[in-house]
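Spelled out, the chains give:
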Amino acid sequence: MPLARSVCPYDCPDACGLTVEVEGGRAVAVHGDPEHPYSRGTSCTKMSHYERTVHSPDRLRHPLLRVGAKGEGRFERATWEEAIALVAERLAAVAAAHGPEAILPYSYAGTMGLVQRNAGHPFFHALGASRLDRTICSPAKDPGWQAVMGRTPGLHPDDALESDLVVLWSINAVATSVHFAARAAEAKRRGARIWLVDTYANDSAAMADRVILVRPGSDGALALGMIHVIARDGLADERFLAAETIGWPELKARALADYPPARVAALTGLSPETIEELAHEYARARAPFIRLGGGLTRYGNAAMTVRTLTCLPAVVGAWERRGGGLMHQASGSLAWDLSPLTREELQPRPARVVNMNRLGHALNELDGPRVMGLYVYSSNPAAVAPDQGAVLRGLAREDLFLCVHERFLTDTARYADVVLPATTSLEHPDLYRSYGHYAIQRAKGAIPPIGESKSNWEVFGLLARAMGLTDPLFGKSADEVIELLLAVPSPWRDGLDRDRLDAGYAVELRRPAGPRWATPSGRIELLAPGHREPLPRYAPTHAEEAREPLWLVTGCNRFTLNSTFMERPELRERAGGMVLQLGPAAAAARGLADGDPVTAWNDLGEARFTLRVSPSVPEGVAVAEGVWWLRDARGSGNVNSLTSQRLTDEGGGSTFYDNRIDVRRAP
Ligand SMILES: Nc1nc2c(c(=O)[nH]1)N[C@H]1C(S)=C(S)[C@@H](COP(=O)(O)OP(=O)(O)OC[C@H]3O[C@@H](n4cnc5c(=O)[nH]c(N)nc54)[C@H](O)[C@@H]3O)O[C@H]1N2
Ligand SMILES: Nc1nc2c(c(=O)[nH]1)N[C@H]1C(S)=C(S)[C@@H](COP(=O)(O)OP(=O)(O)OC[C@H]3O[C@@H](n4cnc5c(=O)[nH]c(N)nc54)[C@H](O)[C@@H]3O)O[C@H]1N2
Ligand SMILES: [Mo]
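This structure is a prediction, so every number in the text was calculated from the model and none was measured.

Q: Please clarify how the nonpolar core should be interpreted in this entry.
A: Generally speaking, soluble globular proteins have nonpolar side chains that are buried together. In terms of nonpolar packing, the biggest core is built from 127 residues, with Phe123, Trp169, Trp319 and Tyr375 touching the most fellow members. For this core, the element with the most residues is helix H8 (residues 219–232), which contributes 9 residues. Per-domain counts for this core show at least three residues from each of domain 2 (64–137 + 334–494) and domain 3 (155–328 + 516–525). For Tyr375, the residues in contact, after removing those within four places along its chain, are Val87, Leu104, Pro105, Tyr106, Phe124, Cys403, His405, Leu420, Val459, Phe460 and Leu463. If you look at the next biggest cluster of nonpolar residues, it comprises 47 residues, including Tyr10, Cys44, Phe565 and Val598.

Here's what the structure looks like:
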């Protein structure tokens, strides 16, 4: 049976290599590619039957025009010619009447492939549309890391194998990065200890030797408390600090003065003894490896927290020893210059920027001009964006023209005036990199498009032609665009085996030689002279002052990915529906029992859940895993009707976990 090589296109650090069995133009089975250097022949539960997504009976197969009310989901079939002409005409009318900035593109990570993901950029730039700040995930990691490490690349995930203490810090690796979890497990077999630092005992707790549950958003305080104890007890690596860092005297003085264990205990909810123990064990480990996840980046203090944690390995000199240091993400993005595709300079003038986390605001309140045309692709904002009530109100506006390019009739697509059917990654070519490892891969389509579906790149080519955009880029094929990207030289790709890449195999980027610390001072900057706050400190979260008693942690579900995979009945079932987990005391205090229908509410809205009483959830915390479609919600919203549009301290990031709620029995 013919076997095609492909790549998992989803927003996950593993970016697994896949092999696809093809029979009569159909994908009949999908496996992990044993030749992939990172994923090595295994994939997650979700992808093991990717063919069920690709050939799902629910795939959109042809363009649709709305006939019902917005959100109702009633459409009639149209041809591509009709649909493209209508979208072009409506976008042109919006631009003529209100100016091109009244058009807003909205996209995120439905596919991570470089061409399909960024396909809309040149089109919307050429129109002069508003620009979208794509910050829904964890952009605060970058300023946090850069304040200390500049452009120094982080650790390689395989370095964890050499560590004697792997810290899963705010990452649910067993759910969200199964191949990093496998490395942590291998390190454990070789004698390493594993810590989990989290807000509840998530799926990854089972592999940890020690589970450390902190009050949400307080990790920066914990790190400063550890630095206090390390400095106080003479456990800092003074030789490393003197030779390789700047600012240790100042950081040490601040930690000693302001972050004694008693104060840090009050901030984090840990006991002073635990803080002392953690500091001692971390400092005495030979090569502690911190894998920093996304959880703690979804708070108002995110960048400062990441920055503070990034100081820890330097304080104990961990960078000096193989396996020691911190990995916030893989740094392979440094290998790419996407400007031949994204083409900022096609803009007639720099257009305004709209933060994607504030879509509710953009649709309901933003003026000068008001958003009158919205084009959504590779994203499902009706479900995944914060403050769902405001987003749905905006999408329901009668005067808003909405086009959605999708694989399925999602919550967002139901509001569209025009729905265009999208291909899956098995039906179009692309070039993939990963944010969790250093392999890159080029995939051809393995099967023909399902129905009349088209890729992002093809659709923007059609729209560009219909709107009279003449730049030669719009006439190129996706494969020609891949060549454009590969033609930009980068030291990361020196000596790259092009034949192997073109044949569909994963190829590793090579970390170029460079300064050891790529910072302005050439050293690790524990004090950042140019920063508006030169020294790390504990910064409060947004919800710290909220009235509601429970922090809402809206973590990832192991069997779905954001709102993706909700199309698969068997995965939906395993994902368990809209469940809210509370600890036994919080449930008892409200007279609630396991299985009760409950309503969670706050100032923004309310959502219905089934209660699960769980000893894994500490006092003062509530956990809801997964981003469910409205179809699966018993009330009028999913968990994002409880999350706010507030942003992080730097990076304009989302603050999905920085919210509080209360809970009552539902009727
Ligand atoms: N409450 C809460 N909300 C969250 C999160 C959370 O933890 N809690 N996580 C947040 C995070 S980290 C992220 S990154 C965002 C993710 O936000 P999104 O990137 O919007 O994520 P998905 O829900 O996966 O939606 C992607 C959509 O793209 C479609 N798609 C896939 N491939 C293609 C393609 O090639 N072309 C087109 N046109 N469409 C395609 C899929 O069918 C799917 O509907 O969600 C955020 N929302
Ligand atoms: N199965 C599955 N895999 C996924 C996804 C998915 O939805 N499902 N989503 C993908 C995407 S888009 C992303 S961005 C990544 C995210 O994957 P991860 O990096 O694992 O991030 P999260 O799942 O958001 O949060 C990880 C953990 O942080 C905890 N946490 C929350 N607040 C805090 C805090 O203040 N301090 C500490 N120490 N911990 C805290 C949460 O309880 C959670 O257990 O996963 C990707 N992979
Ligand atoms: Mo994400």
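Having seen the structure, we can now continue with the description.
Q: Whenever I open this one, helix H7 (residues 178–189) confuses me. Can you help?
A: At 3.6 residues per turn, the α-helix brings residues three or four places apart onto the same side. The end-to-end C-alpha distance of H7 is 16 Å, a good match for the 16 Å that 12 residues give at a rise of 1.5 Å each. Downstream of H7 by one or two residues, Gly191 has phi in the positive range, about 115°.

Q: Sorry, what's going on with the environment of Gly436 here?
A: One can find Gly436 in the loop between strand E18 (430–432) and strand E19 (439–443). As for Gly436 and His328, which are separated by 108 residues in sequence, their C-alpha atoms are 8.8 Å apart. Look past the residues within four positions of Gly436 in its chain and what remains in contact with it is Pro13, Tyr38, Pro157, Met327 and Ala330.

Q: What is the right way to look at the site of ligand 1 in this model?
A: Taken together, 31 residues lie around ligand 1, and Ser379, Glu406, Ser563, Thr564 and Asn640 are the ones closest in. Within the backbone of His405, a nitrogen or oxygen atom sits 2.9 Å from a nitrogen atom of ligand 1. Relative to its unbound accessible surface of 920 Å², ligand 1 loses 97% to contact with the protein. Looking at the shell around ligand 1, its residues break down into 12 nonpolar, 15 polar and 4 charged.

Q: Is there a simple way to think about the layout of surface pockets in this case?
A: A water-sized probe, rolled over the atoms, reveals where empty space remains. Taken as a whole, the second largest pocket encloses approximately 410 Å³ of empty space. Gly154, Leu155, His156, Asp159 and Arg511 are, among the 18 residues lining the second largest pocket, the residues nearest its centre. Counted by class, the lining of the second largest pocket contains 7 nonpolar, 5 polar and 6 charged residues.

Q: Mind showing me how you'd approach the packing of aromatic side chains here?
A: Two measures describe an aromatic ring pair: the distance that separates the ring centres and the angle between the ring planes. Under the criterion given, the structure shown has 16 aromatic pairs. Judged by centre distance (6.2 Å) and plane angle (75°), the rings of Trp145 and Trp319 are edge-to-face. With Trp145 in helix H5 (residues 141–149) and Trp319 in the loop between helix H13 (302–315) and strand E13 (325–327), the pair connects residues that are 174 residues apart, well separated along the chain. For Trp319, a relative accessible area of 13% gives the class buried. Ring centres 5.9 Å apart and planes at 5° place the aromatic pair Tyr438 and Trp492 in the stacked group. With Tyr438 in the loop between E18 and E19 and Trp492 in the loop between helix H19 (478–487) and helix H20 (498–502), this pair connects stretches of sequence that are 54 residues apart. Residue classification places Tyr438 among the buried positions, given a relative accessible area of 6%. Cluster of aromatic residues (ring-pair linked, three or more members): Phe123, Phe124, Tyr375, Tyr377 and Phe460.

Q: Just checking my understanding: could you explain the pairing of strand E17 (residues 418–421) for this structure?
A: A two-sided burial pattern is seen for E17, the buried positions comprising Val418 and Leu420 on one face and Val419 and Pro421 on the other. Where strand E4 (residues 64–66) and E17 come together, 2 bridges link them in antiparallel fashion. Across the sheet, the residue bridging to Leu65 is Val418, located in E17. Pairing analysis gives 4 bridges linking strand E16 (residues 401–406) to E17, with the strands arranged parallel. The residue bridging Glu406 from the neighbouring strand is Pro421, located in E17.

Q: Whenever I open this one, the pattern of salt bridges confuses me. Can you help?
A: This structure, assessed with the given rule, holds 42 salt bridges. Taking the shortest distance from any N to any O, the salt bridge between Asp233 and Arg232 comes out at 2.7 Å. Look at Arg232 and you get partly exposed, because its relative accessible area is 39%. Close ionic contact of Asp399 with Arg370 constitutes a salt bridge, the shortest N to O distance being 4.0 Å. Taken as a pair, Asp399 in the loop between helix H17 (388–395) and E16 and Arg370 in the loop between helix H15 (359–364) and strand E15 (373–377) lie far apart in primary sequence, 29 residues in all. Asp399 sits in the partly exposed class, given a relative accessible area of 38%. Residue classification places Arg370 among the partly exposed residues on the basis of a relative accessible area of 30%.

Q: Quick question: what am I supposed to make of the site of ligand 2 here?
A: Close contacts around ligand 2 come from 32 residues, with Asp198, Asp219, Gly294, Thr560 and Tyr657 the closest. Within the side chain of Tyr299, an N or O atom sits 2.8 Å from a nitrogen atom of ligand 2. Taken by itself ligand 2 offers 910 Å² of open surface, and the protein chains cover 96% of this. Among the elements of the structure, helix H6 (173–176) and strand E9 (193–198) are those that each provide at least two residues to the shell around ligand 2. In terms of residue class, the shell around ligand 2 is made up of 14 nonpolar, 12 polar and 6 charged. Here the shell around ligand 2 gathers at least three residues from each of two domains, domain 3 (155–328 + 516–525) and domain 4 (542–665).

Q: Help me out: how do you make sense of empty space enclosed by the protein in this one?
A: Considering all chains together, one arrives at 2 cavities of 30 Å³ or more under this definition. Looking at the largest cavity, its volume works out to about 120 Å³. If you trace the largest cavity, you find 16 residues lining it, with Cys8, Cys12, Cys16, Cys44 and Lys46 closest to the centre. Those elements that provide at least two residues to the lining of the largest cavity are H6 and H7.

Q: Explanation requested: the sheet that holds E19 in the structure shown.
A: Adjacent strands of a sheet form backbone hydrogen bonds with each other and so pair up, either parallel or antiparallel. Spatially, 3 strands are ordered E18-E19-E20 in an open sheet, and the strand pairing comes out antiparallel. Unpaired on one side and paired on the other, E18 and strand E20 (507–508) mark the two borders of the sheet. Across 2 bridges, E19 lies against E20 in antiparallel orientation. Bridge pairing in E20 links Ile440 to Val507.

Q: Just to check I follow, could you spell out the confidence of the model for the protein chain for this structure?
A: Low-pLDDT portions of the prediction should not be read for the details of their coordinates. Chain-level statistics for the protein chain give a pLDDT mean of 97 and a share of 100% at 70 or above. Confidence, expressed as mean pLDDT per element, reaches its minimum in the protein chain at strand E1 (residues 3–7) with 95 and its maximum at E15 with 99.

Q: Is there a simple way to think about the domain arrangement of the protein chain in this case?
A: How large an interface is tends to be reported as the accessible area lost when its parts come together. In terms of domains, the protein chain is made up of domain 1 (3–54), domain 2 (64–137 + 334–494), domain 3 (155–328 + 516–525) and domain 4 (542–665). Put simply, the middle of domain 2 and the middle of domain 4, counted by C-alpha atoms, are 29 Å apart. Contact with domain 2, which involves 23 residues of that partner, is made by 24 residues of domain 4. Overall, the association of domain 2 and domain 4 removes approximately 1,700 Å² of surface from exposure, summing both partners, and the carbon and sulfur fraction of that is 52%. Counting the surface domain 2 buries against domain 4, the share from its top three residues, Asp387, Gln388 and Asp411, is 29%. Here domain 2 is connected to domain 4 by 0 salt bridges. In this structure, the connection of domain 2 to domain 4 is made through 17 residue pairs in polar contact (both at pLDDT 80 or more). Elements with a minimum of two residues in the side of domain 2 that touches domain 4: H15, helix H16 (381–384) and H17.

Reading the values: rules and limits
The residue numbers shown here count from 1 along each chain, following its written sequence. For this description, chains carry letters from A and ligands carry numbers from 1, given in the order in which they are written. Given that the model is predicted, a residue must reach a pLDDT of at least 70 before its local features are reported, and side-chain atom pairs must reach 80 or more before they are shown or counted; all residues, however, enter totals for whole chains, interfaces and linings. The basis for the side-chain values is all heavy atoms of the structure; hydrogens and waters are excluded. Residues enter a nonpolar core if they are buried and are Ala, Val, Leu, Ile, Met, Phe, Trp, Tyr or Cys, with the set joined through side-chain atoms within 4.5 Å. Burial classification: accessible surface area is computed with a 1.4 Å probe over protein chains only, and a residue below 20% of its type maximum counts as buried, one above 50% as exposed, and the rest as partly exposed. Elements are defined by DSSP. Helices are runs of H or I of four residues or more, strands are runs of E of two residues or more, and each kind is numbered from the N terminus. Each domain's extent was defined by an automatic or database domain assignment. Residue contacts follow a heavy-atom distance rule, with two residues in contact if any of their heavy atoms lie within 4.5 Å. Helix span, expected: 1.5 Å multiplied by one less than the number of residues in the helix. The near set for a molecule or strand comprises every residue that places at least one heavy atom within 4 Å of it. Any pair of nitrogen or oxygen atoms within 3.5 Å is treated as a polar contact; in protein, a donor-acceptor pairing is required on top of that, and neighbouring residues in sequence qualify only through side-chain atoms on both sides. Only the protein chains shown count as covering a residue, and every accessible area follows the Shrake-Rupley method with a 1.4 Å probe. Under the scheme applied, nonpolar residues are Ala, Val, Leu, Ile, Met, Phe, Trp, Tyr, Cys and Pro; charged residues are Asp, Glu, Lys and Arg; polar residues are all the others, including Gly. Definitions used throughout: a 1 Å grid over protein atoms alone; a cavity as a set of points that fits a 1.4 Å probe which cannot get out; a pocket as an open set with protein on both sides within 12 Å along at least five of seven lines; a lining residue as one with an atom within 4 Å of a point. Grid points are joined across faces, edges and corners, and a volume is the space filled by probe spheres set on the points. For Phe, Tyr and Trp, where Trp contributes only its six-membered ring, two rings pair if their centres lie within 6.5 Å, and the inter-plane angle classes them as stacked under 30 degrees, edge-to-face over 60, or tilted in between. By definition, two strands form a pair when at least two bridges between them are found by DSSP. Each reported salt bridge corresponds to a side-chain nitrogen of Lys or Arg within 4 Å of a carboxyl oxygen of Asp or Glu. Known as pLDDT, the predictor's per-residue confidence is scaled from 0 to 100. When two components associate, each loses some accessible surface as probed by a 1.4 Å sphere; the sum of these losses over both components is called the buried area.

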